[in-house]
Each structure stands twice: as structure tokens, then as C-alpha cells.
Amino acid sequence: MENEMKCPQCGAMIDAKSIHCRFCGAKVAGQVPPQQQYQQQYQQQAPPPGAGYNPTPNAVPPGYERKSKLVAGILQLVFGYLGVGRFYLGYHNIAVAQLLVSIFTCGIGTIWPIIDGIMIITGSVPADGNGVPLKE
Ligand SMILES: [Zn+2]
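Residues numbered from 1 in each chain as written. Predicted model: local features only at pLDDT ≥ 70, side-chain atom pairs only at ≥ 80, totals over all residues. Heavy atoms only, no water.

Considerations on the coordination of the zinc ion
Here is the rule we go by: For Na, K and Ca the donor cut-off is 3.2 Å, while for other metals it is 2.8 Å, and in both cases only N, O and S atoms qualify; water is not among them, so sites may look incomplete. Secondary structure is summarised from DSSP: a helix means a run of H or I of at least four residues, a strand means a run of E of at least two, and numbering begins at the N terminus for each. Relative accessible area decides the class of each residue, using a 1.4 Å probe on protein chains only: under 20% of the type maximum gives buried, over 50% gives exposed, and in between gives partly exposed.
Taken together, Cys 7 (SG), Cys 10 (SG), Cys 21 (SG) and Cys 24 (SG) make up the protein donors of the zinc ion, found 2.2 to 2.3 Å from the metal. Along the chain, the residues donating to the zinc ion are arranged with the sequence spacing C-x2-C-x10-C-x2-C. Placement of Cys 7 in the loop between strand E1 (4-6) and strand E2 (13-15) and of Cys 21 in the loop between E2 and helix H1 (34-45) is noted, with a sequence separation of 14 residues between them. Residue Cys 21 is classed as buried on the basis of its relative accessible area, which comes to 4%.

Observations regarding the nonpolar core
Selection rule: Residue types Ala, Val, Leu, Ile, Met, Phe, Trp, Tyr and Cys, when buried and joined through side-chain atoms within 4.5 Å, form a set referred to as a nonpolar core. Throughout, a residue-residue contact means that at least one pair of heavy atoms, one from each residue, lies within 4.5 Å.
Counting five residues, the largest nonpolar core consists of Ala 72, Leu 89, Ile 120, Val 125 and Leu 134. If we skip the residues at most four places from it in the chain, Leu 89 touches Lys 67, Ala 72, Ile 120, Val 125, Asp 128, Gly 129 and Leu 134.

Some remarks on the pattern of salt bridges
It is possible for side chains of opposite charge to pair when their charged atoms get near one another. Applicable threshold: In what follows, salt bridge is the name for a side-chain nitrogen of Lys or Arg lying within 4 Å of a carboxyl oxygen of Asp or Glu.
Counting across every chain of the model gives two salt bridges. Here Glu 136 makes a salt bridge to Lys 69, at a shortest N to O gap of 2.9 Å. Of the two residues, Glu 136 is situated in the segment after helix H5 (111-121) and Lys 69 in helix H2 (residues 69-79); the sequence distance between them amounts to 67 residues. Classification of Glu 136 by relative accessible area gives exposed; the value is 72%. A relative accessible area of 13% places Lys 69 in the buried class. Of the charged contacts in the structure, one is a salt bridge between Asp 116 and Arg 86, with a shortest N-O distance of 2.6 Å. Taken as a pair, Asp 116 in helix H5 and Arg 86 in helix H3 (residues 84-89) lie far apart in primary sequence, 30 residues in all. What makes Asp 116 buried here is its relative accessible area of 4%.

So this is what it looks like as C-alpha cells:
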């Protein structure tokens, strides 16, 4: 029966609108049905709207270690002919290209990674290979 509920005290089926159980006399009015209790609990646990991680093109993923602009630039100035600064930033294709250019131009091509290092330090490279902004 829809209009019946179980007395929490004695377990007998009683009228849902009754205030006291007609079998044991326990106060039953105002009892929250188990299903409703679950919904209230769920709503408390659910995060507020907009609190979740909202991915944007240049967002820093949770727990992601941002690459240092200065570290990358110095690595690139000193070891740029090996593409070290670009490897550090995650630009593996550029790093390999710089390494190959250095080899095949007998060192003349190392001007590229040096300019690259200056550009990284001055902020011309705003993000690493994963699109995450560099830190100062
Ligand atoms: Zn009862």
C-alpha cells in the first residue's frame, strides 16, 4: 500500500500520515524516508556548480610541474646545440632538429638554439610542448 510506512520502532506497517504508531505508540511523524536521506547526503557530497576542473587551452593540469622560463633559456643557451632547453620544455621535434642542424652545419647552425634561448628567456615562448604556460 502506498499510504503505509514501516514503524521504525516495531516494524509494523502503519498509516503514513499517522503521528504515532498505532501498535507501539512510538512517534513516527517527521521521519525522513531512507531514499530522501540518501539524496540529501549525495547533494552534500556533490561539488558546487563550477567548482570542477574546467579545461581551457592553456590551463595548468592538476599536479603538473610548470617548466621554468629561466631554466629552459639557460639550458638552451649553454646546451642548445644538443636541443637540451627544448627537450626540457617538451618540444622534442624542435630539439632533435636543433641537434641535427648543429651536426650537419658543423656548428654554424648553433646560432639558432642561442637565439632560441634568448627568446625563451624574454618570453617569446609562452608555453611548453604541452601548451602549459611557463613560470618565471
Ligand atoms: Zn510501532
